Every structure is written in C-alpha cells, then in structure tokens.
Amino acid sequence: MFETIRNAWKLADLKKKLIYTMIVVLLYRVGTALPMPFVSGELLSSFMTASTGSILDYLNILSGNAFSQATLFALGIQPYITASIVLQLLCVAIPYLERLQKQGEEGRKKLNQYTRYTTVALALLTAFGYYRLLSYNGIITKSGAFPAIVIIACYCAGSALVMWLAEKINENGIGNGISIILFANIISRLPSLLKKLIQLVSGKFVGTKVDNSTFNVTWWVGIIIAVLSVAVVIAMIAFIVWMTNSERRLPVQYAKKVVGRKMYGGQSSNLPIKVNMVGVMPIIFANTIITIPQTIAMFVPPKSGSVWDFIANKLFGQTSVFYAALTLIMIIAFAYFYIAISFNPVEVANNIKSQGGFIPGIRPGRPTSEYIAKVLSRVTFIGAILLAVIAVLPLIVNIASGGAFAGLAFGGSSIIIVVGVVLETIREIEAQMTMRHYKGFLE
C-alpha cells in the first residue's frame, strides 16, 4: 500500500490529484469545526452522550462527531449517500431511469443531476427533523421563526456543500469522493480512542453503563483491555482484507471462429463473484432500521414498567440478546436484497452469450443464468454471515460487559468502511498508474 502511494507521488499528474484530494478533505474538516448558530454545543454534547446506541449516535460517527458538536456539516454525507441508494433502487423499479443507466455518459449525467435534487430534498427534510429534535430537547438557545429558518438553511447548505466537495474529489481528485469523506470522518475519531486507551493503561478510565452508573478500571485490568482491544482490531482488519479480496471465479470459455485465414477466440477467462460484493450497505440498512425504536423513544420517552419501555429499552436495548440476533438476521436479509437489485444474472449470462462465451458444462442462455444465480446465492450467504459476525461481535462484547462498552455498537461497520475505502482507493491509484505506464501500438 505505502509502495503504491510512494510510486504515485512520483507521477506529476497523480501527485496533483493526491494533493487536491487532501486539500478538499482539509476544507471539509474545517467545515466540521464551524459552529451552528442558535444551537448550544454543550447541551447537544450531553444529549448525544445519553443517546449512545441510537441512530443519532450512528449518524454522528459517520459525520465525524460534527453533529454532536453542532457544526455546519452536521448532516455530513448521509443525505448524498441516501439519495444515491434511492436512485439506485428506483433504477430497478422505473424503466425510464433504467434506460438512462444504460445510455453511457449522457445518461450518467442526468442520473447525477437527479441525485443532486434528491440530496437537497432529503437534506431539507432531515434538517427540519433535526431542528424539531433539538427544539424538543431544549438545545436551541433562541426560539422563533428566524432561528428555525437559519438552522434549517445552514444544515441544508452544509449538506449541499459536502456533496459538492465529494463530486470535486471525483472530478479532479483520485475519485471515490463519498468514500474518502466517510474515511476522513471515521479516522477523525482516532484521537479520542487513543485518549481512552491511555486512560485505560494509566488507570484513569471512568466508564458509564447503560443505566448511567459509573465504574472505574484499575491499571492492570486497563492494560489487559487495551492489549485485547488492539489485538482484536488488528485481527478484524486482517479478516476484512481477506474477505474483501476473496472471490469465486467461474470459468468462461470463448468459442473459436475462423475469419479468412486467421482463427480468433478460443481464450479462457473467468467471471469473478466477490464474497463481499455488497460492501457495508447491509450493515447501514440494518443499523438504520433496528435503531428506530430507541430513536422514537427520544421523542416519546417511555414510562417505567410500560410496554413501550420494554420494547424501547429492554427488547431493543444495547444489552439485549434479541437486539444482537435481529441485527444478524437483518444484515443477512439486506445482503440478499441489495445483491438482487445490483446484480442481474440474466443480463450477465446474455452478455457472455453475445460475446461467444460459455461456462464449461453449462448450456448458454437460461441454464447459465440459473447457474450464476445459484453460485451467487451461496457466495452471498457466506459474505453476509461474515459481515454479520463483524457487526455483531462488538454487540456481544457490550452484552457480556453489561453495557460498559455501548460505544462499540457500531465499531464493526466503522472498521469495514475504513478498510474498504483504503483498499478501493489503492486499487484506483494502481489502475491509474497502470494506464499511464501502458504502451500502446502507436509508440
């Protein structure tokens, strides 16, 4: 990885792209430090501390703590990600969008335009919801229509500016603008994590459980926890790298054909089906839905001993076995759902057939598509199980500790995003370096 970056730095044009990307990320991080008017940062920080494990905590992680600090980029890249997912789903359901998807560069530009409109609409809706949440919990320092308009406009403008920065990385940087910004947000939490490790080793760590009770950790227990934490993170990174690079390769043979006095074709290739083809999307979907009860509980506080209290705090609490089990099931279900809308075995089989190829032992056409679908289903199941294990492992640690590590609830998905972005960026840089070193027939 470091060798690839060093070699890319030696190429003038790639060096400019790397510098451009770093400048854009720096500008983005400056935006995450600009305070939001009429919002109390201290009250919001206390509120977010009490909201550990909710959807707000998850969104705060993806925004690099910008939301908990009441800054301009509090919405982060989430509206843009949601808009992209919505357009991707609509391309399957709406024939017009599906045709645009197949029209090449011109169709892609129109889809990008629709994505921008959807992002602004979602940002406006989310900004209004956030304002209502802040107002309900007394975090707004001044009431009235003018503060409401300013807060909603700032949230919406910040989200639109983040979308613009991501697209600039795609156009003039090294690409993967959304992923780069997500990576920067998650990495920005490293100093606070290192601070906690130092506190654990020095015996100064004071934790808070789900019931708001505090506990102290002695220095020798802290050293054991710190060493185990680092070892587990390293093991998870290695496991995610292995899972991301793993794939099932289906052999594809191309028939020979004679044109004049020359023979063409007869080559062997393969169709790679990655184990982690869906990436982190199933975890994002599952976390968004499964945290809904706790998020609603912020607006409608449950009475002690009521049915709503049992559902919100017991059944869907961070120390609930049901919560962990449902998370695992939903990740597997969403993995199949996402692969169904993003990979079409019939289209792949038709492309192989049109190019004169076939899978050995399988007849072209429908038998090929059915075979690809069967293999895809098995590989997807393995990938979904591996994703679920990574996501649920922090929840199991939290349950075993009685809620002492509630902040780890979304640790698995964060590591997957970070490792995935690094691998994807390195592949993109290597591809651009390969293009620049390729000697064509004109040379």
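Further up the page is the structure itself.
What counts and how
Residues numbered from 1 in each chain as written. Predicted model: local features only at pLDDT ≥ 70, side-chain atom pairs only at ≥ 80, totals over all residues. Heavy atoms only, no water. Helix = DSSP H or I, 4+ residues; strand = E, 2+ residues; numbered from the N terminus. Contact = heavy atoms within 4.5 Å. Salt bridge = Lys/Arg side-chain N within 4 Å of Asp/Glu carboxyl O. Buried < 20%, exposed > 50% of the residue type's maximum accessible area, 1.4 Å probe, protein only. Pairing = 2+ DSSP bridges. Axes fitted to C-alpha atoms, helices over the stretch in contact; angles between N-to-C directions. Parallel < 35°, antiparallel > 145°, perpendicular 65-115°, else oblique. Left-handed = near helix turned anticlockwise from the far one by under 90°. Nonpolar A, V, L, I, M, F, W, Y, C, P; charged D, E, K, R; others polar. Core = buried A, V, L, I, M, F, W, Y, C linked by side-chain atoms within 4.5 Å. Phe/Tyr/Trp six-rings, centres within 6.5 Å; stacked < 30°, edge-to-face > 60°.

*Asks:* How would you explain the overall build of the protein if you had to name every residue and give the values?
*Replies:* Secondary structure assignment for the protein yields 18 helices and 7 strands. In the protein, 70% of the contacts between residues at least 6 apart in sequence involve partners at least 24 apart.

*Asks:* Go over the pattern of salt bridges with me, naming the residues and quoting the values.
*Replies:* According to the stated counting rule, one finds 5 salt bridges in the structure shown. Salt-bridge contacts for glutamate 247 lead to lysine 274; the nearest nitrogen and oxygen are separated by 3.6 Å. Taken together, the residues glutamate 247 in strand E3 (residues 247–254) and lysine 274 in strand E6 (residues 268–274) connect sequence positions 27 residues apart. The partner of glutamate 370 in a salt bridge is arginine 366, and the shortest N-O contact between them spans 3.0 Å. Placement of the pair is glutamate 370 and arginine 366 together in helix H17 (residues 366–400), with a separation of 4 residues, close to one helical turn.

*Asks:* Help me get a handle on the side chain of serine 63, residues and values and all.
*Replies:* By the element assignment, serine 63 lies in the loop between helix H4 (55–62) and helix H5 (78–93). On the accessibility criterion, serine 63 (0% relative accessible area) is buried. For serine 63, the contacting residues outside a window of four places in its chain are Tyr28, Arg29, Thr32, Phe73, Ala74, Gln78 and Asn185.

*Asks:* Go over the sheet that holds E6 with me, naming the residues and quoting the values.
*Replies:* The 3 strands are arranged E6-E3-E7 in an open sheet whose pairing can be described as antiparallel. Of all the strands in the sheet, just E6 and strand E7 (357–358) have a single pairing partner and so form its edges. Pairing geometry for E3 and E7, over 2 bridges, is antiparallel. Of the residues in E7, the one forming a bridge with glutamine 253 is phenylalanine 358. Against the sheet, H17 engages E3 and E6, with an angle of about 165 degrees to E3.

*Asks:* Please give an account of the packing of helix H7 (residues 105–136) against helix H8 (residues 145–172) that cites residues and values.
*Replies:* Packing of H7 against H8 leaves a shortest axis separation of 8 Å and a crossing angle of 140 degrees. Taken together, the axes of H7 and H8 are oblique relative to one another. As for the relative orientation of H7 and H8, their crossing is right-handed in sense. When H7 is examined against H8, the residues Arg116, Thr119, Val120, Ala123, Leu124, Ala127, Phe128, Tyr130, Tyr131 and Leu134 are found in contact with a partner set consisting of Ala148, Ile151, Ile152, Tyr155, Cys156, Ser159, Met163 and Glu167. For the contact of H7 with H8, the per-class residue count stands at 14 nonpolar, 2 polar and 2 charged.

*Asks:* Give a description of the packing of helix H15 (residues 321–342) against H17 that names residues and reports values.
*Replies:* Put simply, H15 and H17 touch, their axes get as near as 9 Å, and they point 155 degrees apart. Between H15 and H17, the angle is such that the two are roughly antiparallel. As for how H15 packs across H17, the hand of that crossing is right-handed. Listed contacts from H17 to Val321, Tyr323, Ala324, Thr327, Leu328, Ile331, Ile332, Ala335, Tyr336 and Ile339 of H15 are Leu376, Ser377, Thr380, Phe381, Ala384, Ile385, Leu387, Ala388, Ala391, Val392, Leu395 and Ile399. Each residue belonging to the contact of H15 with H17 can be placed in one class, and the counts come to 19 nonpolar, 3 polar and no charged.

*Asks:* Before we move on, can you summarise the nonpolar core with the specific residues and values?
*Replies:* Side chains that are nonpolar tend, in soluble globular proteins, to be buried together. Formed by 77 residues in total, the largest nonpolar core has its most connected members in Ile77 and Ile372. When residues of this core are assigned to their parent elements, the largest contribution, 12 residues, is made by H17. Once you skip the residues sitting within four places of it in the chain, isoleucine 372 turns out to touch Leu250, Leu271, Phe343, Pro345, Val348, Ala349, Ile352 and Ile359. Among the nonpolar cores identified, the runner-up in size contains 23 residues, and Met36, Val39, Leu75 and Tyr130 belong to it.

*Asks:* Describe the packing of aromatic side chains, with residues and values.
*Replies:* Two measures describe an aromatic ring pair: the distance that separates the ring centres and the angle between the ring planes. A complete count under the given rule lists 6 aromatic pairs for this structure. With centroids separated by 6.2 Å and ring planes inclined at 80 degrees, the aromatic side chains of phenylalanine 38 and phenylalanine 146 adopt a geometry described as edge-to-face. Here phenylalanine 38, found in the loop between helix H2 (12–31) and helix H3 (41–50), pairs with phenylalanine 146, found in helix H8; they are 108 residues apart in sequence, far enough to count as distant. Classification of phenylalanine 38 as partly exposed rests on a relative accessible area of 23%. You can call phenylalanine 146 exposed: its relative accessible area is 57%. Arranged with centres 6.1 Å apart and planes meeting at 75 degrees, the rings of tyrosine 130 and tyrosine 155 form a pair that is edge-to-face. Here tyrosine 130 is found in helix H7, whereas its partner tyrosine 155 is found in helix H8, with 25 residues between them in sequence.

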